[in-house]
Amino acid sequence: MRDFPTRDDAYDVVVIGGGHAGVEAALAAARLGARTLLTSLSLNTIAKMPCNPAIGGLAKGQLVREIDALGGEMARAIDATGIQFRMLNRAKGQAVWAPRAQADKEAYSLHLRNVCLREPGLSVIEDAIDGLRVEDGRVTAVRAKGDVWYPTRTAIVTTGTFLNGLIHVGSTSYAGGRGGEGPSLGLSDVIAANGLRLGRLKTGTPPRLAKRSIDFDRLEVQHGDEVPQPFSFATERLDVEQIPCWLTRTNDETMRIVHESLPRSALFGGTVSATGPRYCPSIELKAVRFAGRTNHQVFLELEGRDAEELYVNGLSTSMPRDDQVAMIRSIVGLERAEIIRFGYAVEYDYLNPHQLHATLETKAVRGLYTAGQVNGTSGYEEAASQGLVAGINAALAARGDEPFVLGRDEALIGVLIDDLVTRGTDEPYRMFTSRAEHRLHLRHDNADFRLVHHAVRLGLRPAGDLARVDARRAAIDETMAWLRATRSHGDPLAKRLARPEVTLESVVADYPELGPRLEDPRVAEQVAIEVKYASYIERERASVERMRRFESLAIPAAFDFTSVTHLSNEGREMLTAARPASVGQASRVPGVTPADISILLVALRR
């Protein structure tokens, strides 16, 4: 056994895994001054997109904007490598729009790999980590194959789908973390040996097709926005030639093939036993769940600007290869399609996240953090969000500083992590705005107003960024005050503008003195939203204040829930297992009733 580096020169943070969670964790830790090591099974797959080559979407777009506001890298990476940008939900009110972009997946991965390699204070190495050293309940080193140890003050496990990964195509199964790559072996046993319980989850991916084999004339084309909107608040504008995607649909014949293949599918043939994602089902699950429906949307998305490979969005499958070919060729425009990568399902070990603190540190081992799919989530954006928070907290812990925790009222990232650590999950968790009590407040367009002050305080963004945000906020407030003070036919101008049919442009036409106040498009956007949704936003602000009072009521770490005699048996059991840090968090623990919270409040006052 040998240590590298020596114990006198230990790392502050070691990140195990170079996916989307690992990249954000490593960059955040290094930027906070921690001596950081990022390890990956292959440097060529850092920030790889094994599934959909896209970033953002409903709720996910908000997460990316929040990552950006907190000093993370994902938004800048997609701005640099995106090939199509669209704002979703445009048919609805502006407050519920969500950005999405298709990526050049190879360029995206290369971009983030180079960002990591250039980052001062961050070492990157290709190595397989298969062990941990835990002394007195604290992680002190991680072990690479060959019995090489990396001493460290903290470690972050971001292994994605690689922990004991097992890939399935029909009745064929083989070890692998994703198509063409081997699994991570050994680390699961060490994690379990240190008191953490592991389970199994499943995810999957669709086939990829050769571009030259597609009849695009028979497909419906879908273009990006005429004026693409950047993801990063730092990106002034996007000058990018956008690439279209194409839409087709399954039909009666397609679903007949799928139904006949079910006994041979890994998912229904008994090969796969783990739970898969509820909200991104395979075509087999669609066939069973929506038995009377044969018309399912299928999007064909190029995997890069110059790529000859198409991602088939909507046809995730683990059917046998010959059935995959028959299914694909039954679809309009794909009659002569050539599959160049077959779809598959992958099972992997995960850590039920109720075993974590809100910092994403494990309760069983101090200094050990986990982030991403290993915590039971799905999606690049959910993974990156956790990675950022874990990286920040590992760096803060290594230097003895107070932890960083986002509230549910501050960010969708706060909702995501609170859901995970309070409720746990037994299926792949996906972020939705409906999970947030204050979703009208937690919009993609105001993420910088909500979060930049945290990034500046931590040192992840320069002070000038906060000054710019504060100046814009002041301009919005002044404009809102002017609209309330200026009268139109006896009513405040703000009341007129609140009507659905009235636009800012029409008001400026009648009141040209308003025009100079709206020269900054961000100011104009925020004013339009705040005026249209004023009453709803005000109600949410009041609700936020009520929640904050509950969240501020801390529960001592050593509090004995079993001593509270009038708690329900289920409430006592669930609170003891969850160990909530506040009354607000306790109120969200499954099985805990409002009556239990009232009793708990009395006990805490005593």
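Being a predicted model, the structure only gives us computed values, none of them experimental.

**Remarks on the environment of Arg 341**
By secondary structure assignment, the location of Arg 341 is in strand β19 (residues 339-341). Overall, Arg 341 belongs to the partly exposed group, its relative accessible area being 48%. Sequence spacing of Arg 341 and Leu 209 is 132 residues, and the spatial spacing of their C-alpha atoms is 7.1 Å. Non-local contacts of Arg 341, meaning those with residues more than four positions away in its chain, are made with Pro 207, Arg 208 and Glu 309. A polar contact is formed between the side chain of Arg 341 and the side chain of Glu 309, at a distance of 2.5 Å.

**Section: the sheet that holds strand β20 (residues 344-351)**
The sheet built from 4 strands is open, its strands ordered β12-β11-β20-β13 with antiparallel pairing. Here the strands that pair on one side only, and so sit at the sheet edges, are β12 (172-175) and β13 (198-205). Between one strand axis and the next, the sheet turns by 25 degrees as a mean value, whatever way the strands run.

**Overview of the sheet that holds strand β18 (residues 309-313)**
With antiparallel pairing, 6 strands are arranged side by side in an open sheet as β15-β16-β17-β18-β14-β19. Whereas interior strands pair on both sides, the edge strands pair on one side only; in this sheet they are β15 (220-222) and β19. Averaged over all pairs of adjacent strands, the angle between strand axes in this sheet comes to 35 degrees, irrespective of strand direction. The pairing of strand β14 (residues 208-210) with β19 spans 2 bridges and is antiparallel. Residue pairing in the sheet places Arg 208 in a bridge with Arg 341 of β19.

**Considering the domain arrangement of the protein chain**
The extent of an interface is frequently quoted as the accessible surface area lost upon association of the parts. As far as domains go, the protein chain holds domain 1 (11-158 + 184-202 + 348-458), domain 2 (208-345), domain 3 (463-549) and domain 4 (553-605). The C-alpha-based centres of domain 1 and domain 2 are spaced at 27 Å. Contact with domain 1, which involves 42 residues of that partner, is made by 37 residues of domain 2. For domain 1, the biggest contributors to the area lost against domain 2 are Ile 83, Phe 85 and Lys 202; these three give 23% of the whole. Counting across the domain 1 and domain 2 interface gives 4 salt bridges. Ionic pairing is found between Arg 90 and Asp 225, a salt bridge with its closest N-O pair at 3.5 Å. At the surface where domain 1 touches domain 2, the tally comes to 21 residue pairs in polar contact (both at pLDDT 80 or more). For the side of domain 1 that touches domain 2, the secondary structure elements donating two or more residues are β4 (54-56), α2 (60-69), α3 (74-81), β5 (82-88), β6 (98-103), β13 and α11 (447-458). The element that contributes the greatest number of residues to the side of domain 1 that touches domain 2 is β5, accounting for 6 residues.

What counts, and where the lines are drawn
Residues numbered from 1 in each chain as written. Predicted model: local features only at pLDDT ≥ 70, side-chain atom pairs only at ≥ 80, totals over all residues. Heavy atoms only, no water. Helix = DSSP H or I, 4+ residues; strand = E, 2+ residues; numbered from the N terminus. Buried < 20%, exposed > 50% of the residue type's maximum accessible area, 1.4 Å probe, protein only. Contact = heavy atoms within 4.5 Å. Polar contact = N/O pair within 3.5 Å; in protein donor to acceptor, adjacent residues only side chain to side chain. Pairing = 2+ DSSP bridges. Axes fitted to C-alpha atoms, helices over the stretch in contact; angles between N-to-C directions. Domains from an automatic or database assignment. Buried area = accessible area lost by both parts, 1.4 Å probe. Salt bridge = Lys/Arg side-chain N within 4 Å of Asp/Glu carboxyl O.

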